[in-house]
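Examining the three-dimensional arrangement
Each chain, letter by letter, is given below.
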Amino acid sequence: SIGENAFLDCESLTSITIPDGVTSIEGYAFHRCTSLTSITIPDGVTSIGGMAFRGCASLTSITIPDGVPSIGVQAFAGCSSLTNITIGDSITSIGFGAFAVCRSLKSITIPDGVTSIGEDAFSSCESLESITIPNSVTSIGEMTFGACSNLTSVTFLGDAPKAGKEVFKGATPTIYRNPEAKGWGDTFAGRPVKLISEKP
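Reference entry: report on the structure contained in this document. In this text, all values refer to a predicted model and were calculated from it rather than measured experimentally.

Here the focus is the packing of aromatic side chains. Applying the stated criterion across every chain, the model contains 10 aromatic pairs. Consider the rings of Phe 99 and Phe 122, whose centres lie 5.6 Å apart with planes at 15 degrees: the pair is stacked. With a gap of 23 residues between them, Phe 99 in the loop between strand 8 (93–94) and strand 9 (116–117) and Phe 122 in the loop between strand 9 and strand 10 (130–133) connect regions that are remote in the sequence. Taken together, a centroid distance of 5.3 Å and an interplanar angle of 65 degrees make the contact between Phe 156 and Phe 188 edge-to-face. Remark: Phe 188 occurs in strand 15 (residues 187–188) and Phe 156 occurs in strand 12 (residues 153–156); sequence separation between them is 32 residues. With a relative accessible area of 2%, Phe 156 lands in the buried category. Phe 188 gets classed as buried once you look at its relative accessible area, which sits at 7%. One aromatic cluster is present, built from ring pairs that chain together Phe 7, Phe 30, Phe 53, Phe 76, Phe 99, Phe 122, Phe 145 and Phe 168.

The structure is reproduced here in structure tokens:
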């Protein structure tokens, strides 16, 4: 494992290779490594702790291996240069604030199997324009997409999930859904709902 606070505030660290055999990256491990531009997480990693990469403002892309079942609290929050995120197929939950304030993030694919997206998970992702929510998702937390000011389209592939308060506060997307999906009305979390066939 890479222990808690292991590389905390190593502000001159630009790249790191984590060896095969590491299974756990604990909380705050690379917190505020502000010059870190590149990191490779090996396939054997099964746990990424809270705040692990929070504030890595120079990190441009990240691949989360297939063996990781959940993304910890604010694990990648404040990674303001992050444009590309690849999430492994084993993820079932995206934690509170996991990708909050990732201001450069334009797109992300949420894999099938994710059942919950936590509070503030993508809040203040100001470059995010569209996102597709797989049919496995059953709950979306409060302010999940808050202040995503350029978000225009959210496509849901399944039934209407349980929604927290102000999911889209400060954002004005149109919601698109499958015609056979259940539980939908004319609006969802205060936003208009249309059929996927109506997408421009």
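Attention shifts here to the pattern of salt bridges. Counted under the stated rule, the structure contains two salt bridges. Note that Arg 32 and Asp 9 form a salt bridge whose closest N and O atoms lie 2.7 Å from each other. A residue pair is termed long-range when its members are at least 10 positions apart, and Arg 32 in the loop between strand 2 (24–25) and strand 3 (38–40) and Asp 9 in the segment before strand 1 (15–17) qualify at 23 residues. Owing to a relative accessible area of 37%, Arg 32 belongs among the partly exposed residues under this scheme. In this structure Asp 9 comes out as partly exposed when scored by relative accessible area, which is 30%. Of the charged contacts in the structure, one is a salt bridge between Arg 103 and Glu 126, with a shortest N-O distance of 2.5 Å. Remark: Glu 126 occurs in the loop between strand 9 and strand 10 and Arg 103 occurs in the loop between strand 8 and strand 9; sequence separation between them is 23 residues.

So, how was this worked out
Note that residues are indexed from 1 along each chain, following the sequence as it is written. The predicted origin of the model limits local features to residues at a pLDDT of at least 70 and limits the giving and counting of side-chain atom pairs to 80 or more, whereas totals for whole chains, interfaces and linings rest on all residues. Processing note: side-chain calculations cover all non-hydrogen atoms of the structure and skip hydrogens and water entirely. Within 6.5 Å between ring centres, the rings of Phe, Tyr and Trp (the latter by its six-membered ring) count as paired, and their orientation is classed by plane angle as stacked under 30 degrees, edge-to-face over 60, tilted in between. A helix here means a DSSP run of H or I that spans at least four residues, while a strand means a run of E at least two residues long, and both kinds are numbered starting from the N terminus. Exposed residues in this analysis have more than 50% of their type's maximum accessible area, buried residues have under 20%, and partly exposed residues fall in between, with area computed by a 1.4 Å probe over protein chains only. Between Lys or Arg on one side and Asp or Glu on the other, a salt bridge is scored when a side-chain nitrogen of the former is within 4 Å of a carboxyl oxygen of the latter.

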